[in-house]
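Here is how the chains run, residue by residue.
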Amino acid sequence: MRRLARKYWYAGPALILLLVGYYFSLPTLLFVNSYSTVLEDRNQKLLGATIAPDGQWRFPEGNVIPENYKTALVLFEDKRFYSHPGVDVRALARAIRQNFNAGKISSGGSTLSMQVIRLARKDKPRTYFEKVIEMVLATRLEFRYSKEEILALYAAHAPFGGNVVGLEAACWRYFGRDVEELSWAEAALLAVLPNNPALIHPGKNRAALKQKRDRLLGRLLQTQAIDSLTYELSIAEAIPGQPVPLPQAAPHLLLRTVKDGRAGTRIFSSVDGPLQEHVQQVVKYHHERLKGNQVFNAAALVLDIKTGNVLAYVGNTPAGVAHNESVDLVMARRSTGSILKPILFAALLDEGKILPATLQPDVPTVINGFAPRNFSKQYDGAVPANQALIRSLNIPAVHQLRDYRYEKFYDLLKHIGITTLPQPADHYGLSLILGGAEGTLWEITGVYASMARTLTNYFSSAGTVRYNRKDFHPPHYQQRDSLLYKNTEATSWLSAGALYQTFDALQEVFRPGEETGWRLFHTSKQIAWKTGTSHGLRDAWAIGVNGQYAVGVWVGNADGEGRPGLTGTEAAAPLLFEIFNYLPGNAWFLKPQQELHAVGVCSQSGMRISEWCPQAETQWVTEKGLQSGVCKYHKLLHLSADGRYQVHSGCEPVSQIKTQPWFVLPPVQEYYFKTKNISYKPMPAFKRNCEQPLTVASMEIIYPTNYARIFIPRELDGTPGQVLLQATHRNARATIYWHLDKEFIGTTAGSHKLAVTPQAGSHSLLLLDEDGNTVDLMFTVQ
């Protein structure tokens, strides 16, 4: 009795240890493999995949197994799969009998659960001891996983010939389609193939593979899984030939996911598959057009405004290895050209520094040695701010940035999502607005989308607190729902009113003088769009937004080579409009009435109306625009009775003097403005006997500017070259007396230009007219 008790006492702990060992016999991570990186669109359709690091096409485990494949697989491999506990005793008995009769191992009797264990154990030698281990672990597998999960494990890791592992990879490599689109013939072939994967190789045992597949199809007919018509059609299907390439609908986005640390995973992206395909074709078509001009590369990005989700991502053209087709130009840092100007325009409106049509100077300018020039190399003298924006004039933009301060603009760019500014603000200076910094298509399109999102989400909250600065965020290529933040704020980086007025200005499709002259892009849709061209014609940009989408396009050469005609309007804008024409809908932005105020504005200066403005119009301005300055260009002139001359009470009877408001620009602005505006009337000259008061500048030096540093090249024969001094005077009949370094050097009348040959070093220049008015400056010859 005592011995029996002792036996039970030993048996108890042994049993416990056995159960514990059984419980922990199955590894937590069953398969330790490297996997392909798989990119899918928002409808879970394959966009592309990379081969796994071990050289296998092995997709990460999925949950979708088509019913026809499951039916064929279970019938072929394990017909009692759904009823046994991982081991089929009847199948084992049959296998033992067959092996005994054959004198060798010809049948394993393995269930699908046991095959999963064998695949996980990396195909250990087929011995009886190994079979016992598989049986034990298969029963443990059944405790952990459901039958459907076991089928999914088998389908994901079964070998399908060559370097193809898993059902999903096999479907794409052999049939070029998704697992859900398998025919019965294809499902049967893939059910029998792991039993002998070598049969798939072209030219080897093709007939044997077809016979094996057809036998399974016959069994499916017998079990009434398929009807006779399906059977006849299925056996008529050919065996697949050479493996087919996988889709490459978004190759640059796929490689980017790998760089972002998502290698070996399945990425469910936000990409719209049909749109991606269309944008790819648009880029390819324009690539064919552009390469005739030796322009080989382009990129395009389409974003959803509400979410920031990427709808299409084309990183480059099929330009070939010689032209860097593998470079992802969506993420490449390139000179921004003029593409940041709308951000500055909105910031100026937001602070009330300008109104939409406030006149901006457009004259030859040198600021601390920086001499910006317009693309056209012409000057308008003065131009409304909104026209300067849509025509992408450089000189007005530089003056605007100087008024706003480039340090503040630099900080604003960083706050709203531009991360490609590694140097301090002083490194870029005023060139920041003209392409002196670099940006990526990804971030710049994202900023435009964030501006549109801020304006759109403004209407999602009631009251006066309607903003959230988190609306400015980068794009996302993984599916993400629209976010409306609960914690709203009173302000954002840019106000809804300023953004609406900016987008309203950018709707203009007629772009006179912008880069390539008059252009009209035909579209029935409302689009706010801006182009940009970098120095040296190396980068062409076009970004556009409406209430639903943001589209960004970059065109150029990946190696930075510039080409004639490589401008935003000529090269990039046609792609932009073709993409927009394909996009559904035509949503535009609502007007944020609560943030805009009606005010009287001078029709000529675009500033708030003063008492001397003869013509005014009502215009909507931002809150701070109400405090902007009144018109400074209209003066009240005292004229002779016939209106031909200016006079004053010291030289003309008061009864003979009439007063009249007059639009007066500074001399240099007037000099260029009147050549483009024939309606402009210069101020009348003073009467001979009337001394001119010094309330209005009468003359101004056009070139050089004050403290300019100039270089004078030598002539071809080696003699010193000349510099052409230039000035302007309000009185067309005036004579100007020129003095260089206090020495008289000549006079001019009518056209005030004088060529001189100053020595290297610092010089003073003084101009004197007949009425005693003077103007002077300093300049340096290098």
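Residues numbered from 1 in each chain as written. Predicted model: local features only at pLDDT ≥ 70, side-chain atom pairs only at ≥ 80, totals over all residues. Heavy atoms only, no water.

Caption draft 1: A look at unusual backbone geometry. Of note, the amide linkage connecting tyrosine 703 to proline 704 takes the cis form, showing an omega dihedral of 0 degrees. Tracing the backbone shows proline 704 in the loop between β19 (699-703) and β20 (708-710). Even without being a glycine, glutamine 224 presents a positive backbone phi close to 65 degrees. You can see glutamine 224 is positioned in the loop between α9 (206-222) and α10 (228-235). (Helix = DSSP H or I, 4+ residues; strand = E, 2+ residues; numbered from the N terminus.)

Caption draft 2: Up close: the environment of glutamate 186. Looking at where glutamate 186 falls in the secondary structure, it is placed in helix α8 (residues 184-192). Judged by its relative accessible area of 8%, glutamate 186 falls in the buried class. Residues glutamate 186 and serine 234 lie 48 residues apart in sequence; the distance between their C-alpha atoms is 8.3 Å. In this structure, glutamate 186 is in contact with Phe175, Arg177, Glu181 and Glu237, ignoring residues within four places of it in sequence. (Buried < 20%, exposed > 50% of the residue type's maximum accessible area, 1.4 Å probe, protein only. Contact = heavy atoms within 4.5 Å.)

Caption draft 3: Molecular detail of the confidence of the model for the chain. For the chain, mean pLDDT is 86; residues scoring 70 or higher make up 90% of the total. Overall, residues 512-519 carries pLDDT values under 50, and its contacts beyond four positions in sequence, including any with other chains, amount to 26 contacts. (pLDDT = per-residue confidence, 0-100.)

Caption draft 4: Structural detail: the packing of helix α4 (residues 112-120) against helix α6 (residues 147-157). Between α4 and α6, the least distance of the axes is 9 Å, while the angle of their chain directions is 45 degrees. In terms of orientation, α4 and α6 fall into the oblique class. The chirality of how α4 crosses α6 is left-handed. Listed contacts from α6 to Leu112, Ser113, Gln115, Val116 and Leu119 of α4 are Ile150, Leu151, Leu153, Tyr154 and His157. (Axes fitted to C-alpha atoms, helices over the stretch in contact; angles between N-to-C directions. Parallel < 35°, antiparallel > 145°, perpendicular 65-115°, else oblique. Left-handed = near helix turned anticlockwise from the far one by under 90°.)

Caption draft 5: Fine view of the pattern of salt bridges. Tallying each qualifying case throughout the model produces 19 salt bridges. As a salt-bridge pair, lysine 408 and glutamate 351 come within 2.9 Å of each other at their nearest N and O atoms. Remark: glutamate 351 occurs in the loop between α13 (341-350) and β9 (359-362) and lysine 408 occurs in helix α16 (residues 406-416); sequence separation between them is 57 residues. With its nearest N and O atoms 3.8 Å apart, the salt bridge here joins arginine 405 to glutamate 407. Residue arginine 405 is classed as partly exposed on the basis of its relative accessible area, which comes to 45%. If you follow the salt bridges from partner to partner, you end up with Glu40, Glu168 and Arg266 in one network. (Salt bridge = Lys/Arg side-chain N within 4 Å of Asp/Glu carboxyl O.)

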